[in-house]
Amino acid sequence: MPDQPTYTGNPNSHPPSSFSTNLSGTCLCGSILVTIKDDSLFDSPNGRGHLCHCANCRKVAGSYVSSNLAIEKEKVEIWDQKGTLKEYEDWATGSGKCVVRKFCGNCGPIASYAQASPDKVILKMGIFPRIPKPEAESFALHRHDWQGTHEGVAQFEIARGGKKLGE
Ligand SMILES: [Zn+2]
Ligand SMILES: [Zn+2]
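Everything quoted here is computed from the prediction, not taken from an experiment.

Analysis parameters
- Residues numbered from 1 in each chain as written.
- Chains lettered and ligands numbered in written order.
- Predicted model: local features only at pLDDT ≥ 70, side-chain atom pairs only at ≥ 80, totals over all residues.
- Heavy atoms only, no water.
- 1 Å grid on protein atoms, 1.4 Å probe; cavity = no way out; pocket = protein on both sides within 12 Å on 5 of 7 lines; lining within 4 Å.
- Points joined across faces, edges and corners; volume = space filled by probe spheres on them.
- Helix = DSSP H or I, 4+ residues; strand = E, 2+ residues; numbered from the N terminus.
- Nonpolar A, V, L, I, M, F, W, Y, C, P; charged D, E, K, R; others polar.
- Donors = N, O, S within 2.8 Å, 3.2 Å for Na, K, Ca; no water.
- Tetrahedral: all angles 85-135°; square planar, octahedral: opposite > 155°, others 65-115°.
- Buried < 20%, exposed > 50% of the residue type's maximum accessible area, 1.4 Å probe, protein only.
- Pairing = 2+ DSSP bridges.
- Contact = heavy atoms within 4.5 Å.
- Axes fitted to C-alpha atoms, helices over the stretch in contact; angles between N-to-C directions.
- UniProt positions renumbered as here; feature names shortened; annotations may be inferred.

Caption draft 1: Seen up close, the layout of surface pockets. Considered as a void within the structure, the largest pocket measures approximately 670 Å³ in volume. Contributing to the lining of the largest pocket are 29 residues, with Val 99, Ala 114, Ile 122, Phe 139 and Arg 160 lying nearest its centre. Elements with a minimum of two residues in the lining of the largest pocket: β3 (50–52), α1 (55–61), β4 (66–72), β7 (99–104), β8 (108–114) and β9 (120–124). Grouping the amino acids of the lining of the largest pocket by side-chain chemistry returns 14 nonpolar, 10 polar and 5 charged. Lining the second largest pocket are 15 residues, and of these Pro 109, Lys 124, Met 125, Gly 126 and Ile 127 lie nearest its centre.

Caption draft 2: Quick peek at the coordination of the zinc ion (ligand 1). Taken together, the protein ligands of the zinc ion (ligand 1) are Cys 27 (SG), Cys 29 (SG), Cys 104 (SG) and Cys 107 (SG), with distances of 2.3 to 2.4 Å. With 4 donor atoms in place around the zinc ion (ligand 1) and angles of 102 to 121° between them, the coordination shape is tetrahedral. Within one chain, the residues donating to the zinc ion (ligand 1) are spaced in sequence as C-x1-C-x74-C-x2-C. Taken as a pair, Cys 29 in the loop between β1 (22–26) and β2 (32–37) and Cys 107 in the loop between β7 and β8 lie far apart in primary sequence, 78 residues in all.

Caption draft 3: Layout of the coordination of the zinc ion (ligand 2). Protein coordination at the zinc ion (ligand 2) comes from Cys 52 (SG), Cys 54 (SG) and Cys 57 (SG), with a distance range of 2.2 to 2.3 Å. We note that the donor set of the zinc ion (ligand 2) lies within a single chain, spaced as C-x1-C-x2-C. The exposure classification of Cys 54 matches that of Cys 57, with both residues buried.

Caption draft 4: Representation of the pairing of β1. Of the strand pairs in this sheet, β1 and β2 are connected by 5 bridges, and their pairing is antiparallel. Residue pairing in the sheet places Gly 25 in a bridge with Val 34 of β2. The loop that links β1 with its antiparallel partner β2 comprises 5 residues; one of these, Gly 30, has a positive phi angle of about 90°.

Caption draft 5: Structural detail: the environment of Val 34. As for its position among the elements, Val 34 is in strand β2. A relative accessible area of 0% means that Val 34 is categorised as buried. Distance from Val 34 to Trp 79, taken between C-alpha atoms, is 6.3 Å for residues 45 residues apart in sequence. Residues contacting Val 34, with those up to four places away along its chain left out, are Leu 23, Ser 24, Gly 25, Val 76, Glu 77, Ile 78, Ile 110, Leu 123, Ile 127 and Phe 128.

Caption draft 6: Highlighting the environment of Asp 145. With respect to the element layout, Asp 145 can be found in the loop between β10 (136–138) and β11 (154–155). Taking the C-alpha atoms as reference points, Asp 145 and Ala 55, separated by 90 residues in sequence, lie 15 Å from one another.

Caption draft 7: How the structure looks around the sheet that holds β1. With antiparallel pairing, 3 strands are arranged side by side in an open sheet as β1-β2-β5. On the outer flanks of this sheet lie β1 and β5 (76–80), each paired with one strand and no other. Strand-to-strand, the axes of this sheet are offset by a mean angle of 15°, without reference to chain direction. Bridge count for β2 against β5 is 5 bridges, and the pairing is antiparallel. Looking at the pairing, Ile 32 lines up with Asp 80 of β5.

Caption draft 8: Structural context of the UniProt feature "domain: CENP-V/GFA" (unreviewed entry) in the chain. Taking the UniProt record as the reference, the feature "domain: CENP-V/GFA" (unreviewed entry) is found at residues 23–147. With 6% helix and 42% strand, residues 23–147 has its two end C-alpha atoms placed 28 Å apart.

Caption draft 9: Representation of unusual backbone geometry in the model. One non-glycine residue with positive phi stands out, namely Phe 139, at about 55°. Within the secondary structure, Phe 139 sits in the loop between β10 and β11. The class of Phe 139 is partly exposed, set by a relative accessible area of 22%.

Have a look at this one:
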């Protein structure tokens with residue numbers, strides 16, 4: 001297990017170059033530590049990760065959108081340092097397939113495992129000190145009308161890779 005990372009709350013004080021091989025973050029209480037081992041989190045021309053506006057992600061995030069990264073399971077390590085990691089089986093999904101939602105029992109969301117894509121883990125990016133520019137938005141049909149747009153970020157009506165908004 002790596003040392004407990006210490007970061008300021010300001011993403012701009014952590015240059016992308018400091019995450020050239022990996023990115024670590026913790027939940028709010030510090031119990032759960034997550035490391036992503038990937039060497040192109042911040043230098044992919046199209047961005048990495050996605051913003052999801054689906055109702056389930058909104059509830060989990062406690063916000064109008066969730067910042068997510070779907071990534072190969074083998075690139076991610078999750079340490080449950082104080083035994084607080086819990087899970088919720090979410091069957092109220094559009095696909096009808098289960099999404100296992102992992103969260104810190106003390107403080108908040110960590111990751112999801114979707115039956116529909118068994119080789120990936122979907123990380124909740126708010127726990128990391130800096131979040132890559134997302135490459136896409138999913139459930140863009142469910143955006144609130146007061147939200148601004150993100151230039152260069154693909155908007156899918158519902159699922160990523162599906163029909164694009166306005167097409
Ligand atoms: Zn916690
Ligand atoms: Zn979602």
